[in-house]
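# Summary of structural features
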Amino acid sequence: MSIPRPVRLLPVLVASVLVSSAGAQLLGTPAQTLAQPVLKGMAVSGNVARQGTTTITLDTAGGYVVGVLTDAASLDDLARGVGAGWGLDAANLPKLKGNLSNPQLLTAARAGFVDLTDDAGTDLIALKVTGEGSATRYQAYVAVNIWPDSAFPATKAVTGKATAPVTLRVFSDFQCPYCKQMWDTAMPAWRKDSATYRVMHYEFPLSFHRNAQGAAEASECALAQGKFWPFADQLFANYQSWTPLDPKDAPAKYAGYAKAAGLDTAAFKACVGQRTFRSSVEAQVQAGLKVNVQGTPTVYLNGLKLSNYADAQEVARARAVTTAQPSAASLIEERLKSFR
């Protein structure tokens, strides 16, 4: 889905009240969400909680809550609904209400808008205000953020079947020790189960890793010869050998890894020496920033950003909500139409 950004008040609003996303109820079960103390006293029927003229509706996919819609006559109740979506305790609601009362925010909400809630880009919020005086109604929708395929650039660094139900988009840095850990642990299983996982690799060399840019460009040279994966395997297998080197000395090592990976080494050396894919690597970094990549490795499962790719429960939950019928993305997009 596209994320229009007509106002930049929300990151400030969220940062000032949401201390940690660890307790957030999004992607929890409906029972967990509805049992929160902030909803005490509300009558529950199915996935809907009501009290007076306030209605809080849970959108679920694959058995998990992917969005919380609040329709209320007061900012107090609006805060309760938003707080339930974020897993806030009652002590935080007054502060949240104060932020929701921001005059600029309420003015912008007259037109309705949608925005990401934080720099990580994992959740979004939509707000809309209608009516005047005692007839004023407030609507809020908090939901997980699922990036569409169109948000990511095309890449030929792909393994796995096109029919695989799970697409993993991995932003990685060859000099990042955590990326090596991923390559040594999770990646072999993903690549082996090609019927389940389709893995797409994107370059995201971090500026403080002095050989990361060069290694990324070298891997793109290998990709040009259809040998990205065996060359990447060589880079990570020999991690301790090339990462400490002065950047001017690293290309000699890359050439050796290229030979071991079965590349035409003369063409590879020319490609690396001419920095043929420098702009391609930089474009992938910029694309990563647009989908809120903040570090490496960052993994998206069917467009849903994972906080821990090694957490089997999180992976299973992400798969459940993104492959359900209807999917989380379609449910959320349908809700957002009324806020635009």
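Described below are features of the structure shown in this document. (Residues numbered from 1 in each chain as written. Predicted model: local features only at pLDDT ≥ 70, side-chain atom pairs only at ≥ 80, totals over all residues. Heavy atoms only, no water.)

## A few points about the sheet that holds strand β8 (residues 158-159)
Each strand in a sheet pairs with another by means of backbone hydrogen bonds, the pair being arranged parallel or else antiparallel. Note the cut-off: Pairing between strands requires that DSSP locate at least two bridges from one strand to the other. Under the DSSP-based scheme used, a helix requires at least four consecutive residues in state H or I and a strand at least two consecutive residues in state E, with every element numbered from the N terminus.
If you trace the five strands from one edge of the open sheet to the other, you get β8-β10-β9-β11-β12, paired in mixed fashion. If you trace the sheet from one side to the other, it starts and ends with β8 and β12 (304-305), each paired once. The pairing of strand β11 (residues 298-301) with β12 spans two bridges and is antiparallel. Its bridge partner being in β12, Tyr300 is matched across the sheet by Lys305.

## As for the nonpolar core
What tends to happen in soluble globular proteins is that the nonpolar side chains get buried as a cluster. Our working rule: Only buried Ala, Val, Leu, Ile, Met, Phe, Trp, Tyr and Cys residues count toward a nonpolar core, and they belong to the same one when joined by side-chain atoms within 4.5 Å. For each residue, the accessible area found with a 1.4 Å probe, counting protein chains only, is set against the maximum for its type, and the residue is called buried under 20%, exposed over 50%, and partly exposed in between. Should any heavy atoms of two residues lie within 4.5 Å, those residues are counted as being in contact.
One finds Met182, Trp190, Phe231, Tyr254 and Phe268 to be the most contacted residues of the largest nonpolar core, which totals 100 residues. Discounting chain neighbours no more than four positions away, the residues touching Met182 are Val170, Ser172, Met187, Pro188, Trp190, Pro297, Val299 and Tyr309.

## Comments concerning the layout of surface pockets
We apply this condition: Lining residues are those with an atom within 4 Å of a point, where the points come from a 1 Å grid over the protein atoms alone and group into cavities, where a 1.4 Å probe fits but cannot get out, or pockets, open sets with protein on both sides within 12 Å along at least five of seven lines. Grid points are joined across faces, edges and corners, and a volume is the space filled by probe spheres set on the points. Following the grouping adopted for this structure description, the nonpolar residues are Ala, Val, Leu, Ile, Met, Phe, Trp, Tyr, Cys and Pro, the charged ones are Asp, Glu, Lys and Arg, and the polar ones are all others, Gly among them.
Taken as a whole, the second largest pocket encloses approximately 220 Å³ of empty space. Lining the second largest pocket are 13 residues, with Lys156, Glu220, Leu223, Ser280 and Gln284 sitting closest to its centre. Elements with a minimum of two residues in the lining of the second largest pocket: α7 (212-224) and α12 (278-290). Its residues assigned to classes, the lining of the second largest pocket shows seven nonpolar, four polar and two charged.

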